[in-house]
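Analysis of the macromolecular model
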Amino acid sequence: MAAGRVFAFRDARWAPDPVLAPSAAVRSPQPVPLVIDNGSFQTRAGWAAADPSVPAEPLLRFRSLAARSRGARGGAGAETQVGNDLGSPEPLRWLLRSPFDRNVPVQLELQELLFDHVFQRLGVTSQGCVDHPIVLTEAVCNPLYSRQMMSELLFECYQVPKVSYGVDSLYSFYHNRRQNWPCSGLVISSGYQCTHILPVLEGRLDAKNCKRINLGGCQAAVYLQRLLQLKYPGHFAAITLSRMEEILHEHSYIAEDYTEELQKWRSPEYYENNVHKMQLPFSNKLLGSTLTSEEKQERRQQQLRRLQELNARRREEKLQLDQERLDRLLYVQELMEDGQMDQFHKALVELNMDSAEELQSYINKLSLAVEQTKQKILQAEVNIEVDVVDSKPETPDLDPLGSEQSLEDVESMNEFEPLFAEEQPEAEKPVAAVQPVFNLAEYHQLFLGTERIRAPEIIFQPSLIGEDQTGIAETMQYVLERYPKEQQAVLVQNVFLTGGNAMYPGLRARVQKELLEMRPFQSSFQVHILIECFHEHLFICVRRCSVLWFYQKRVISQVLFIVLTECLVPACSCSRKHFMLQ
């Protein structure tokens, strides 16, 4: 909610995913494909069924994170939480693990936890196997080792009958292709971990000329966190990554001209009109005390009574312990007086004493300590009674002279009264409450000025965070220069922006400006952008393509995987095959 451009952080907690019961439409006449958009930021899963009764939106959405606690000592064992079951990532930030290195899954044991969570919450209850075909998204030019381990996990652990792999950005490009759009184009996909420049010629991906920039939304969030922590060191702990991601998603934008936009922010009027204030949670309790003198005195008396009770309890415990030890020593002394020398010497050995004189010395010391403790207890009780009596209001003594003072004495007192006026106590003056010297709510606000454009700018200028890489504009120009001029003209006629960072306002205008600077004079180009929410739209793209491609048998079956594994032939053709989009 915003009030005068003051926005409050939502700090929304993730609700645990329910266990869904699959409808009959996903089982008959045969098991329908299960679509898993395996993203490094978020995992989405649902059914790719042609039946309209099956929802087209993803049924599961959760962050691709898992946390495994060590468990309480002497209690239950380690507990594993996945996705939305975490509730909030910040308390468990140091325990969070992701199966991805950049955008490539490398930790297959964590990937197995994500799959288990998907199959369990979607109600896949087949015993010993998952009898639904799987449609899985992956990174562009996914390494063979990662593809091999993923196939081994799906086929050997879950006994999946068929698997189809696809690139998420190509799914989006295919789904958004209109009738008047060419089958060729330049796809700019900027996601959570990486940004890709993908040339597509005649419906096929030219993998040799694909380029990747190792920057995305994750690096922008970390950069924004560092900027604000340096700007507001007093709120270091409150500036978390989750809140930075919220700022990036809702309050950041990409400047069409970064240098010119920075110059605008130097204007005080522009700053006041465009700054966004993020309100951090805070307590209304003031730093100073607002108690009156009577309340402070009452609080001191309560603390004094508490300390007196604590000291009295300790004295009683010490008295009881010393009395028990003294009784024990007196009992041993009585054994000596009664002539039971054997038991007396045995008791001395137990007490670690050598002679009767040492025993008598300990008896004298303990007797003196017991007597002193008793006196202290009695004195403390007397002091408490005296305090109660002294707490009664006293009436001031009247002057015995009364009105016998002479007029000269009164006049002399009036002469000296101004000299001592400043030192007279103001007992009758009421004590006012201490007011804060500053606005407490404003103190807990983060003012977002140039930070709104500096964080997203790293995908165009990686040097802002010290990365020795090229940005989107330079990489796009490098990819285009690898083609003849005729193919360059074809590619720029369909520049398609997709990915989570495509939601930044101003991205399309920035790409158009960069193309205008690098393309020849009066040459034409077109930039298209995904208008809808990328995460929801991408799943619909994958689902639509899955329904079409499974009927065309563009999949890897379990039998093919076993044959290739037994023949020791790498699945190179299956890993690198990209089908026609038309």
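Residues numbered from 1 in each chain as written. Predicted model: local features only at pLDDT ≥ 70, side-chain atom pairs only at ≥ 80, totals over all residues. Heavy atoms only, no water.

1. Comments concerning the nonpolar core
Threshold: What we call a nonpolar core is a set of buried Ala, Val, Leu, Ile, Met, Phe, Trp, Tyr and Cys residues that are connected through their side-chain atoms within 4.5 Å. For every residue, the accessible area obtained with a 1.4 Å probe (protein chains only) is divided by the maximum for its type, and the residue is called buried under 20%, exposed over 50%, and partly exposed between those limits. The helix and strand labels rest on DSSP assignments: H or I over at least four residues marks a helix, E over at least two residues marks a strand, and numbering proceeds from the N terminus. The contact rule is simple, with two residues in contact once any of their heavy atoms fall within 4.5 Å.
Judged by nonpolar contacts, the single largest core of 46 residues is most densely connected at I188, L228, I247, L446, V495, L497 and V511. Mapped by element, the contributors of at least two residues to this core are β12 (185-190), α4 (217-231), α5 (241-251), β17 (445-448), α14 (472-480), β18 (495-498), α16 (507-518) and β19 (527-529). Counting residues per element, this core draws most heavily on α4, at six residues. Ignoring sequence-local partners within four residues, the contact set of I247 consists of F9, L224, L228, S252, M278 and L448. Judged by nonpolar contacts, the second largest core, of 34 residues, contains A25, L34, A66 and V163.

2. Description of the environment of V135
Checked against the element boundaries, V135 lands in strand β10 (residues 134-138). Using a relative accessible area of 1% as the deciding quantity, one classes V135 as buried. Distance in space between the C-alpha atoms of V135 and L34 is 6.1 Å, their sequence separation being 101 residues.

3. What to know about α4
To keep it simple, the criterion reads: Expected helix span is taken as 1.5 Å per residue step, with the number of steps being one fewer than the number of residues.
Given a rise of 1.5 Å per residue, 15 residues ought to cover 21 Å, and the 21 Å separating the end C-alpha atoms of α4 matches this to within 8%. Counting buried positions along α4 yields eleven of 15 residues, so the element is predominantly enclosed. Every buried residue of α4 is listed here: G217, C218, Q219, A220, A221, Y223, L224, Q225, L227, L228 and Q229. At its buried positions, α4 is contacted by α5, β17 and α13 (451-454).

4. Some words on the packing of aromatic side chains
Note the threshold: Paired rings are identified among Phe, Tyr and Trp, the last through its six-membered ring, by centres lying within 6.5 Å, and are further divided according to the angle between planes into stacked (under 30 degrees), edge-to-face (over 60) and tilted (the rest). Two limits define a charge over a ring: the Lys NZ or Arg CZ must be within 6 Å of the ring centre, and within 35 degrees of the ring normal.
A complete count under the given rule lists seven aromatic pairs for this structure. Judged by centre distance (6.1 Å) and plane angle (85°), the rings of F115 and Y158 are edge-to-face. Of the two residues, F115 sits in helix α1 (residues 108-121) while Y158 sits in the loop between α2 (144-157) and β11 (162-167), which places them 43 residues apart along the sequence. In this structure F115 comes out as buried when scored by relative accessible area, which is 1%. An aromatic cluster is present here, built from F115, F119 and Y158 joined pairwise through their rings. Over the aromatic face of F9 sits the side chain of R243, whose NZ or CZ is 5.4 Å from the ring centroid.

5. Overview of the packing of helix α8 (residues 293-337) against helix α9 (residues 341-350)
The condition is simple: Axes, fitted as lines to C-alpha atoms, cover a helix only where it is in contact. Angles between the N-to-C directions of the axes lie from 0 to 180 degrees. With respect to orientation, any angle under 35 degrees is reported as roughly parallel, any angle over 145 as roughly antiparallel, any angle of 65 to 115 as roughly perpendicular, and every other angle as oblique. In this scheme the handedness of a crossing depends on how the near helix is turned from the far one: anticlockwise by less than a right angle means left-handed, clockwise means right-handed. For this classification, Asp, Glu, Lys and Arg are treated as charged, while Ala, Val, Leu, Ile, Met, Phe, Trp, Tyr, Cys and Pro are nonpolar and the rest, including Gly, are polar.
Here α8 crosses α9 at 150°, and the two axes come no closer than 8 Å. One finds that α8 runs roughly antiparallel with respect to α9. Judged by the twist between their axes, the crossing of α8 over α9 is left-handed. Contact residues: α8 offers R328, V332, L335 and M336, while α9 offers M341, Q343, F344, A347 and E350. Looking at side-chain class alone, the contact of α8 with α9 contains six nonpolar, one polar and two charged residues.

6. Observations concerning the sheet that holds strand β6 (residues 80-82)
Operational definition: Pairing between strands is defined by DSSP: at least two bridges between them are needed.
Spatially, three strands are ordered β6-β5-β7 in an open sheet, and the strand pairing comes out antiparallel. Across the chains shown, the open sheet's two edge strands, defined by having one partner strand only, are β6 and β7 (96-97). Two strands pair when backbone bridges link them, and strand β5 (residues 66-68) and β7 are joined in this way by two bridges, in the antiparallel orientation. The residue bridging A67 from the neighbouring strand is L96, located in β7. Across the sheet, α1 is in contact with β5, β6 and β7; its angle to β6 comes to roughly 70°.

7. What about the environment of L215?
Secondary-structure assignment places L215 in the loop between β15 (211-213) and α4. For L215, a relative accessible area of 0% gives the class buried. Through-space distance from the C-alpha of L215 to that of I472 is 10.0 Å; in sequence the pair is 257 residues apart. Setting aside its immediate chain neighbours within four residues, L215 contacts Q193, C194, T195, I458, P462, I465, E467 and Q469.

8. With respect to the sheet that holds β17
In any sheet, the strands associate via hydrogen bonds between backbone groups, in a parallel or an antiparallel arrangement. Pairing is mixed across the open sheet formed by three strands, whose spatial order is β1-β16-β17. With partners counted over all chains shown, the strands left at the sheet margins are β1 (6-8) and β17, one partner each. Averaged over all neighbouring strand pairs, the angle between strand axes comes to 30°, with direction disregarded. Pairing analysis gives four bridges linking strand β16 (residues 276-279) to β17, with the strands arranged antiparallel. Across the sheet, residue K277 finds its bridge partner in β17, namely F447.

9. Here we look at the confidence of the model for the chain
It should be kept in mind that the predicted coordinates are not to be read in detail where pLDDT is low. Short version of the rule: Every residue carries a pLDDT, the predictor's confidence in it, which falls somewhere between 0 and 100.
Confidence in the prediction of the chain, expressed as mean pLDDT, is 81, and 78% of residues score 70 or more. A low-confidence stretch, residues 391-407 stays under pLDDT 50, and its non-local contacts, those more than four residues away or across chains, total two contacts. Here residues 418-429 is modelled with pLDDT under 50, and outside its nearest four sequence neighbours on either side it reaches one contact, counting other chains as well.

10. With respect to α5
At 3.6 residues per turn, the α-helix brings residues three or four places apart onto the same side. Judged by how many residues are buried, α5 sits mostly within the fold: eight of eleven residues are covered. Taken together, the buried positions of α5 are L241, R243, M244, E245, E246, I247, L248 and H251. On its buried face, α5 is in contact with β1, β4 (60-63), α4, β16, β17 and α13.

11. Points about the state of the cysteines
Note the threshold: By convention in this document, the label disulfide applies to cysteine sulfur atom pairs within 2.5 Å.
A complete count under the given rule lists zero disulfides for this structure. Its sulfur unpaired, C210 is 4.9 Å from the next cysteine sulfur, which belongs to C141. The exposure class of C210 is buried, given its relative accessible area of 14%.

12. Some words on the UniProt feature "coiled-coil region" (unreviewed entry) in the chain
Stated precisely, the cut-off is as follows: UniProt positions are given in the numbering used here, feature names are shortened, and annotations may be inferred rather than shown by experiment.
UniProt tags residues 293-327 and 356-383 as "coiled-coil region" (unreviewed entry). Annotated as residues 293-327, this span is 100% helix and 0% strand, and its ends, taken at the C-alpha atoms, are 51 Å apart. Between the first and last C-alpha atoms of residues 356-383 the distance is 41 Å; the span itself is 100% helix and 0% strand.

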